[in-house]
Amino acid sequence: MAAAIHTYRSPFGTIELACDGAALTALRFVEASAAATRPAPEAVRGWLDAYFAGRRPLSLPRLAPIGTPFQLRVWRELLAIPYGQTVTYGQLASRIGCRSPQAVGQAVGRNPIAILIPCHRVVARHAIGGYAYGIALKQRLLSLEHITDTLNLHS
């Protein structure tokens, strides 16, 4: 079944998401588009509404990211990072038994389901680190979760 494209208007910009009928397969920030699309499915919309209201969402909608076995392993570990906390690329690599924080960083950067698979919670050891949608958005997402000082969280 082809994925249906939906949109969600967040306080941080327009989000486009794809659902295959059973699960969310993609979520990304996009430039506002004039193209008419379907509103986000209720489960995803509820999760995003709670998140952008500054509350920890309770029930994660069904997710079906598509990637390599290594990427899927990294993305599963991202789901274990608690709301309001961060980990470094090195810590994440260690958690999955990988010797290369760079390889983990590449997998984090290819996360197809932003926010719900919280790649924004991964930071560099001495800096905020990169983000596919820009550092300013990453900082806003971390701030929404009341994470304001990523440089002093890993001592």
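Below, the structure is looked at part by part. These numbers come from a predicted model, not from an experiment.

### What about the nonpolar core?
Judged by nonpolar contacts, the single largest core of 40 residues is most densely connected at L17, L27, F52 and I115. For this core, the elements supplying multiple residues, two or more each, are β2 (13–19), β3 (24–30), α1 (42–52), α2 (69–78), α3 (89–95), α4 (101–109) and α5 (135–144). If you tally residues by element for this core, the top one is α1, at five residues.

### Examining the sheet that holds strand β4 (residues 38–39)
Pairing in this open sheet of four strands is mixed, and the strands run β3-β2-β1-β4 from one edge to the other. Looking at the sheet topology across the chains shown, the edges are occupied by β3 and β4. Relative to β2, strand β1 (residues 4–10) runs antiparallel, the two being bridged by seven bridges. Across the sheet, R9 pairs through a bridge with T14, a residue of β2. Where α1 meets the sheet, it contacts β1, β2, β3 and β4, and its direction lies at approximately 20° from that of β1.

### Re the pattern of salt bridges
If you walk through the whole model with that rule in mind, you get three salt bridges. Here E145 and R121 are joined by a salt bridge, their closest N and O atoms 2.8 Å apart. On the criterion of sequence distance, the pair formed by E145 in the segment after α5 and R121 in the loop between α4 and β6 (122–123) is long-range, its members being 24 residues apart. On the accessibility criterion, E145 (3% relative accessible area) is buried. A residue is classified by how much of its surface remains accessible, and R121, at 6% relative accessible area, is buried.

### Thoughts on α5
Taken together, the buried positions of α5 are L137, K138, L141, L142 and L144. Buried residues in α5, looked at end-on, bunch into an arc of 160°, giving them a common side. Taken from the residues just after α5, H146 is the one with a positive phi, measuring 65°.

What counts as what
- Residues numbered from 1 in each chain as written.
- Predicted model: local features only at pLDDT ≥ 70, side-chain atom pairs only at ≥ 80, totals over all residues.
- Heavy atoms only, no water.
- Core = buried A, V, L, I, M, F, W, Y, C linked by side-chain atoms within 4.5 Å.
- Buried < 20%, exposed > 50% of the residue type's maximum accessible area, 1.4 Å probe, protein only.
- Helix = DSSP H or I, 4+ residues; strand = E, 2+ residues; numbered from the N terminus.
- Pairing = 2+ DSSP bridges.
- Contact = heavy atoms within 4.5 Å.
- Axes fitted to C-alpha atoms, helices over the stretch in contact; angles between N-to-C directions.
- Salt bridge = Lys/Arg side-chain N within 4 Å of Asp/Glu carboxyl O.
- Arc of directions from axis to C-beta.

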